[in-house]
Amino acid sequence: MSHARRSVLVPSVMAFGFAFLYVPILAMIGYSFNNSRLVTVWDSANSPTLKWYSALWRNQQVLDAAWLSFRIALLNATGAAILGTLAGLVLARFGRFRGRTLFTALTTAPLVMPEVITGLSLLLLFVAMEQTIGWPAGRGVTTLTIAHITFSLSYVAVIVQSRLAGFDLSLEEAAMDLGARPVTVFLRITLPLIAPAIVSGWLLAFTLSWDDLVISQFVAGPGSSTLPMVIFSKVRLGVTPDINALATLMVLTVAVGVVIATVLLRRQERRRERDLRLAAGAD
Amino acid sequence: MTAADNGAAIAPLSAAQPCVRIEGVTKRFGEFTAVDDVSLDIQEGEIFCLLGGSGCGKTTLLRMLAGFEQPTAGRILIDGQDMADIAPYERPVNMMFQSYALFPHMTVQANVAFGLEQEKLPKTQIAQRVEAMLSLVRLDGMAQRKPHQLSGGQRQRVALARSLVKRPRLLLLDEPLGALDRKLREHTQFELLGLQKQLGVTFVVVTHDQEEAMTLANRIGVMDRGRIVQVGSPRDIYEYPSTRFVADFIGSVNLFEGRLTEDEADYVRVACPELPAPVLVDHGVSAAPEATVWVAIRPEKIQLLRERPEAADNLAQGTVRDVAYMGDMSIYLVVLPGGRELRVTRANLQRKEEEVFQSGDAVWLVWDAASPVVGTG
């Protein structure tokens, strides 16, 4: 009886929850195929159509912004992956050094720091640096990339650190025992084993940069508008259907990145569980 | 290379030079002393077992031989060369880890080849040596598998092959059979002995399992709280334990406290309050008369009889309280009139049940004067 009630209740709660999360995005995706100029009027006679997507291809401003965002996201992801991996290594490996707690807190603080604050403080820093040492000259790709690395490296550091926390140190000792010097041990044993974590950190950093708006607003200069900034400024002048198409493409990009990152992390987790089971089962 | 040459020049090779010499080695972690002033010589071609309970310092000692830990005091010499400033990757020593530590992202072939690649050997030579080693441990045809596709016994053999393929002077084995089930252990034990004989490598084995130590080792060093308490052949350690700890730790034993009442050159008597009559021991003891001593009698050295035997000494009467039937033998717990319980084992030589004592039976216990071990430590 209560079982029957639950069997109705659970799916409907779930349906409501998913609707809450995804109806807005699905509506936007649906309207991106709308033929009408009016965003909220569905032209059932001539829809669906891909005309707004082809219109995007002819919009130089959008193409430039997309290319800029893509370049920044690539640079950011790579920079954040390298720095974040180093930070994760230090956090996981160097034991209890002086100031470890402080370093941990400082590394993870950007995760919860209000973006407005991060953006404003970075802007102030860049202006001050330009005045004193003349670099970075003006604001543009450089300042955007540095700003994005600043907040996304924390995510990489946390992912790499948690992978290293379950790392069997005897693997590195075994490699050393077999004659490998520390650099070889790192390149041939440690790095390949934490590579999935670094790759998923890289993808996460890429998507974080790809859709960042607030921090970019602060540190971008004239002529260096990222894709989210272009969308935002267009919407302020009124929503047009090509924005729906553009936003749909952005959602797609982010979804692909997040899905790959999740799959990598899941697979790695399963592998670790299997290794643990093997080790325990052998006893 | 030059370091090795220097070592050879300082201490020229001689027949008497041990493969490993440990001189007064101590290791402290903060306040805790893991290894306490250990000195030991291990000869070339020997299988030496470090045996002890958990936390006795045996693994720390092994890790110092491998170079993962540095002694706080003392020296370790391998082939006469001081290992103080030699990194783990430069030592003529390989180790087989308790967890095997196989590289999960590499095939069996790549795992075994890893050590040879570090020596920058030509590719064809590496391939040959890996193949030969894999067939030696009976893993031909497994070369392209990943570690997770192997059974526990196969993984153990990969670990062994990986540590032996570099032809080390000294192989360190950390609980080599610990992760295998009972049947496989017995089989692997003999395989390990065969390999060692064939390759002539010196083995240092760390284990908490006395059975493993007994079957593998030429000599056993029993460790307790960071110290080596006795070194000897398996038989010495079992039959002539030098301290109460060793007697109690190796095998099972009936231990009594007592007082020396008669102290002659060729025999002694020890009065034990828990036994009805003084124990007669047919060898002298270096202890003061009236000294407090311990007496140890192994369970298999006590005979169980229904009738009172002829013997005048080393007799006791009791009642069987419990019988544990193990197949090849049975363990009897016999209660003496004073309340003390004795452990007696007896091989089940007959199939018929009436030969076996039952719980509640009145029995006589008798043992030879050569059986008890007496000590003061």
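Residues numbered from 1 in each chain as written. Chains lettered and ligands numbered in written order. Predicted model: local features only at pLDDT ≥ 70, side-chain atom pairs only at ≥ 80, totals over all residues. Heavy atoms only, no water.

Section: the interface of chain A and chain B
Here is step 1 of the chain: Listed as interface residues are 24 residues of chain A and, on the opposing side, 28 residues of chain B.
Here is step 2 of the chain: Between chain A and chain B, the buried area comes to about 2,300 Å², and carbon and sulfur atoms account for 60% of it.
Here is step 3 of the chain: On the chain A side of the contact with chain B, A:Asp177, A:Leu178 and A:Arg188 bury the most area, a combined 31% of that side's loss.
Here is step 4 of the chain: Put simply, chain A and chain B have 3 salt bridges between them.
Here is step 5 of the chain: The partner of A:Arg181 in a salt bridge is B:Glu90, and the shortest N-O contact between them spans 3.4 Å.
Here is step 6 of the chain: On inspection of chain A and its partner chain B, the count reaches 8 residue pairs in polar contact (both at pLDDT 80 or more).
Here is step 7 of the chain: Elements with a contribution of two residues or more to the side of chain A that touches chain B: helix H7 (169-177), helix H8 (182-210) and helix H11 (241-281) of chain A. (Contact = heavy atoms within 4.5 Å. Buried area = accessible area lost by both parts, 1.4 Å probe. Salt bridge = Lys/Arg side-chain N within 4 Å of Asp/Glu carboxyl O. Polar contact = N/O pair within 3.5 Å; in protein donor to acceptor, adjacent residues only side chain to side chain. Helix = DSSP H or I, 4+ residues; strand = E, 2+ residues; numbered from the N terminus.)

Some remarks on a positive patch on the surface
Residues and elements named next belong to chain A.
Here is step 1 of the chain: A cluster of like positive charges, contributed by Arg-266, Arg-267, Arg-270 and Arg-271, occupies part of the molecular surface.
Here is step 2 of the chain: In this structure, Arg-266 sits in helix H11.
Here is step 3 of the chain: With a relative accessible area of 53%, Arg-266 lands in the exposed category. (Patch = residues over 30% accessible without salt bridge, like charges linked within 9 Å, V, L, I, M, F, W, Y side chains within 5 Å. Areas by Shrake-Rupley, 256 points an atom, 1.4 Å probe, with all protein chains shown as cover. Lys, Arg positive; Asp, Glu negative; His and termini not counted. Charge placed at Lys NZ, Arg CZ, Asp CG, Glu CD. Buried < 20%, exposed > 50% of the residue type's maximum accessible area, 1.4 Å probe, protein only.)

With respect to unusual backbone geometry
Here is step 1 of the chain: With an omega of 0 degrees, the peptide bond running from A:Trp135 to A:Pro136 counts as cis.
Here is step 2 of the chain: Here the phi dihedral of B:Asp79 falls at roughly 50 degrees; this positive angle occurs in a residue that is not glycine.
Here is step 3 of the chain: Summarising the element assignment, B:Asp79 is placed in the loop between strand S4 (73-78) and strand S5 (81-82).
Here is step 4 of the chain: Taking the relative accessible area as the measure of exposure, B:Asp79 reaches 22% and is therefore partly exposed.
Here is step 5 of the chain: A positive phi is found at B:Ala101, a non-glycine position, where the angle reads about 50 degrees.
Here is step 6 of the chain: Its place among the elements puts B:Ala101 in the loop between strand S6 (93-96) and helix H3 (108-118).
Here is step 7 of the chain: Accessibility expressed as a relative area gives 3% for B:Ala101, which makes it buried.

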